[in-house]
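One letter stands for each residue in the lines below.
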Amino acid sequence: MAQILRALSKDKNIAIFIMESTDIVEYACKIHNLPPIPAAALGRLLTATSMMGVMLKGENHSVSVQISCSGVLKGLVAVSDSKGNVKGYVKNKEVLTEIDERGKLNVKGAIGEGTLTVIKDLGLKEPYIGQIELVSGEIAEDITHYFAMSEQIPSAVALGVLIDRDESIKSAGGFIIQVLPETDEKVILELEQKLKDFSNISSVLENKSIEEIVKELFGNIEYEVLAKYHPVYKCDCSKEKVESIIPLLKDEEISNEIIEIVCTFCQKKYYFSKEEAFKIKYGE
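Residues numbered from 1 in each chain as written. Predicted model: local features only at pLDDT ≥ 70, side-chain atom pairs only at ≥ 80, totals over all residues. Heavy atoms only, no water.

## Here we look at the pattern of salt bridges
For step 1, the next point in the chain: Following the criterion strictly, the structure yields 14 salt bridges and no others.
For step 2, the next point in the chain: With its nearest N and O atoms 3.2 Å apart, the salt bridge here joins Arg-44 to Glu-138. Remark: Glu-138 occurs in the loop between strand E7 (128-133) and helix H4 (140-150) and Arg-44 occurs in helix H2 (residues 36-53); sequence separation between them is 94 residues.
For step 3, the next point in the chain: Across the salt bridge formed by Lys-274 and Glu-257, the nearest N and O atoms sit 3.4 Å from each other. Separated by 17 residues along the polypeptide, Lys-274 in helix H9 (residues 274-282) and Glu-257 in the loop between helix H8 (239-242) and strand E11 (258-262) bring together distant segments of the chain.
For step 4, the next point in the chain: Linked through salt bridges whose partners overlap, the residues forming this network are Arg-44, Asp-100, Arg-102 and Glu-138. (Salt bridge = Lys/Arg side-chain N within 4 Å of Asp/Glu carboxyl O. Helix = DSSP H or I, 4+ residues; strand = E, 2+ residues; numbered from the N terminus.)

In structure tokens form, the structure reads like this:
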């Protein structure tokens, strides 16, 4: 079962969000039928977005993280509620497996250049929107840059998806560490040193629990666990919501006796008769 742990140092200067997301990533890859590179990319984004979701204050708040890019993936989207329940999709999954110079899946190359946009629905009239240019396409580095530029929060982000030889998800997870500017420099240096041991977070999660990782990251710093979450892959689509797409379709696209619309997040299929579709489109 996927889990997020939220911990805070006793002096309230260091916050750590850490997630084991294997089940969520595995389910997403199964419903979208993803090969390795789209699986790794979407898995990273789902993990990050889920952790960003539990940072939200309100019960009904939500966050959407969108990557628009020039690479073969064409783009990715993930959406989370305040409990970390998340959904997402890749715009193009027809991507050949390519290994980079480090012997890892070339997610960076498949993303290329582009933008990362964070949209927060905080129950206000207008959503909060923050956007940055992608700095690397590695997703973790891009989200680190987003926190620094758009929210002015110094952060360290690690994300990983380990894919087995049979293309199943062996492990997935990540963490976001946020540090207040007044934190002692010596403490920051110690933390940076420890982070090097967790750069390949998906491999670490194969052998250690998220509780053990948090304990190691804090080291001698006193901390407390504020909350634990058990998020799932969750889509809130419905026939009523899908109806909103019909007015955007051309008449020839709704000329068949039965019209099928598939949810991009969960692949659930909804059916409308031609009569229903024209009535929705033209209100007749």
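## Focus: the domain arrangement of the protein chain
You'll often see interface size given as the accessible area lost when the parts meet.
For step 1, the next point in the chain: Structurally, the protein chain comprises domain 1 (3-229) and domain 2 (239-282).
For step 2, the next point in the chain: The C-alpha centroid of domain 2 is placed 34 Å from the C-alpha centroid of domain 1.
For step 3, the next point in the chain: Listed per partner, the contact involves 7 residues of domain 1 and 4 residues of domain 2.
For step 4, the next point in the chain: If you look at where domain 1 meets domain 2, you find 0 salt bridges.
For step 5, the next point in the chain: Counting every contact that joins domain 1 to domain 2 gives 2 residue pairs in polar contact (both at pLDDT 80 or more). (Domains from an automatic or database assignment. Contact = heavy atoms within 4.5 Å. Polar contact = N/O pair within 3.5 Å; in protein donor to acceptor, adjacent residues only side chain to side chain.)

## Here we look at the packing of aromatic side chains
For step 1, the next point in the chain: Evaluation of the coordinates by the stated rule reveals 5 aromatic pairs.
For step 2, the next point in the chain: With 6.1 Å between their ring centres and 15 degrees between their planes, Phe-278 and Tyr-282 make a pair best called stacked. In this pair, Phe-278 and Tyr-282 are both assigned in helix H9, 4 residues apart and thus about one turn of the helix distant.
For step 3, the next point in the chain: Over the ring of Phe-265 we find Lys-87, and its NZ or CZ is 4.4 Å from the ring centre. (Phe/Tyr/Trp six-rings, centres within 6.5 Å; stacked < 30°, edge-to-face > 60°. Lys NZ or Arg CZ within 6 Å of the ring centre and 35° of its normal.)

## As for the sheet that holds strand E4 (residues 75-81)
Within a sheet, adjacent strands bond to each other through the backbone by hydrogen bonds, running parallel or antiparallel.
For step 1, the next point in the chain: Spatially, the 5 strands line up as an open sheet ordered E5-E4-E3-E6-E7, and their pairing is antiparallel. This sheet does not close on itself; its edge strands, each paired only once, are strand E5 (86-90) and E7. Direction aside, neighbouring strands of the sheet carry axes that sit 10 degrees apart on average.
For step 2, the next point in the chain: Here E4 pairs with E5 via 5 bridges, running antiparallel. By the bridge assignment for E5, Val-77 is matched with Tyr-89.
For step 3, the next point in the chain: On the sheet, H2 packs against strand E3 (62-69), E4, E5 and strand E6 (114-121) and is oriented at approximately 30 degrees with respect to E4. (Pairing = 2+ DSSP bridges. Axes fitted to C-alpha atoms, helices over the stretch in contact; angles between N-to-C directions.)

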